[in-house]
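# Structural description and commentary
Take a look at the letters that make up each chain.
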Amino acid sequence: MTCLDAVVAAIEAARFLPPEVRAALTDCANRCTPDVAFRVLPRTIRCAPGASLSSEQYTRLEAIGSALQYGEFVVDFVKCLVERP
């Protein structure tokens, strides 16, 4: 899976985001760079009402952030939204 594919999959997995927001982020990933879309994604998730992440979603976000060589704070921004069992 390419970085673009992984970022787009992460965007689509955030079903709590409105469709137009997911479409805009996907468009950004395709037309600009996946890096830009990924950097915006955690902030968008954090601002979404009722947002929550499964531990699997968070792990995938961490893997993408690591592949893009981002420091821990890009993804850690949404760690508080991970559902607790």
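Reading guide: rules and limits
Throughout, a residue's number is its position along its own chain's written sequence, starting from 1. In view of the model being predicted, local features appear only for residues whose pLDDT reaches at least 70, and side-chain atom pairs are presented and counted only at 80 or more, with totals across whole chains, interfaces and linings using the full set of residues. Working from all heavy atoms in the structure, the side-chain values ignore hydrogens and water. Definition used for salt bridges: Asp or Glu carboxyl oxygen within 4 Å of a side-chain nitrogen of Lys or Arg. Relative accessibility decides the category of a residue: with a 1.4 Å probe and only protein chains considered, values under 20% of the type maximum give buried, values over 50% give exposed, and everything between is partly exposed. Throughout, an axis means a line fitted to C-alpha atoms (over the contacting stretch in the case of helices), and angles, computed between N-to-C directions, take values from 0 to 180 degrees. A run of H or I in DSSP becomes a helix once it reaches four residues, and a run of E becomes a strand once it reaches two; helices and strands are each numbered from the N terminus. The labels follow the angle: roughly parallel below 35 degrees, roughly antiparallel above 145, roughly perpendicular from 65 to 115, and oblique for the rest. By convention, the crossing between two helices is left-handed when the near helix turns anticlockwise from the far helix through less than a right angle, and right-handed when the turn is clockwise. Between two residues, a contact is recorded if the distance between any of their heavy atoms is within 4.5 Å. Amino acids outside the nonpolar list (Ala, Val, Leu, Ile, Met, Phe, Trp, Tyr, Cys, Pro) and the charged list (Asp, Glu, Lys, Arg) are all regarded as polar, and Gly is one of them. The rule is simple: put a 1 Å grid over the protein atoms alone, call a set of points where a 1.4 Å probe fits but cannot get out a cavity, call an open set with protein on both sides within 12 Å along at least five of seven lines a pocket, and count a residue as lining if it has an atom within 4 Å of a point. Grid points are joined across faces, edges and corners, and a volume is the space filled by probe spheres set on the points.

With that settled, the discussion passes to the pattern of salt bridges. Think of it this way: side chains of opposite charge can pair up when their charged atoms draw near. Taken as a whole and assessed by the stated rule, the structure comprises three salt bridges. With a shortest N-O distance of 3.4 Å, arginine 15 and glutamate 12 are connected by a salt bridge. For glutamate 12, a relative accessible area of 33% translates into the label partly exposed. Across the salt bridge formed by aspartate 27 and arginine 31, the nearest N and O atoms sit 2.7 Å from each other.

For the rest of this paragraph, the subject is the packing of helix α1 (residues 3–13) against helix α4 (residues 55–67). At a minimum axis distance of 10 Å, the contact between α1 and α4 shows a crossing angle of 150 degrees. One way to sum up the angle between α1 and α4 is to call them roughly antiparallel. Where α1 crosses over α4, the two elements pack in a sense that is left-handed. From α1, Ala6, Val7, Ala10 and Ala13 reach across to α4, where they touch Gln57, Leu61 and Ile64. Its residues placed into classes, the contact of α1 with α4 shows six nonpolar, one polar and no charged.

Counted under the stated rule, the structure contains one cavity of 30 Å³ or more. Ala10, Ala13, Ala14, Ile45, Leu53, Gln57, Arg60 and Leu61 are the residues that line the largest cavity. When residues of the lining of the largest cavity are traced back to their parent elements, those giving at least two are α1 and α4. Per-element tally for the lining of the largest cavity: the top contributor is α4, with three residues. Its residues assigned to classes, the lining of the largest cavity shows six nonpolar, one polar and one charged.

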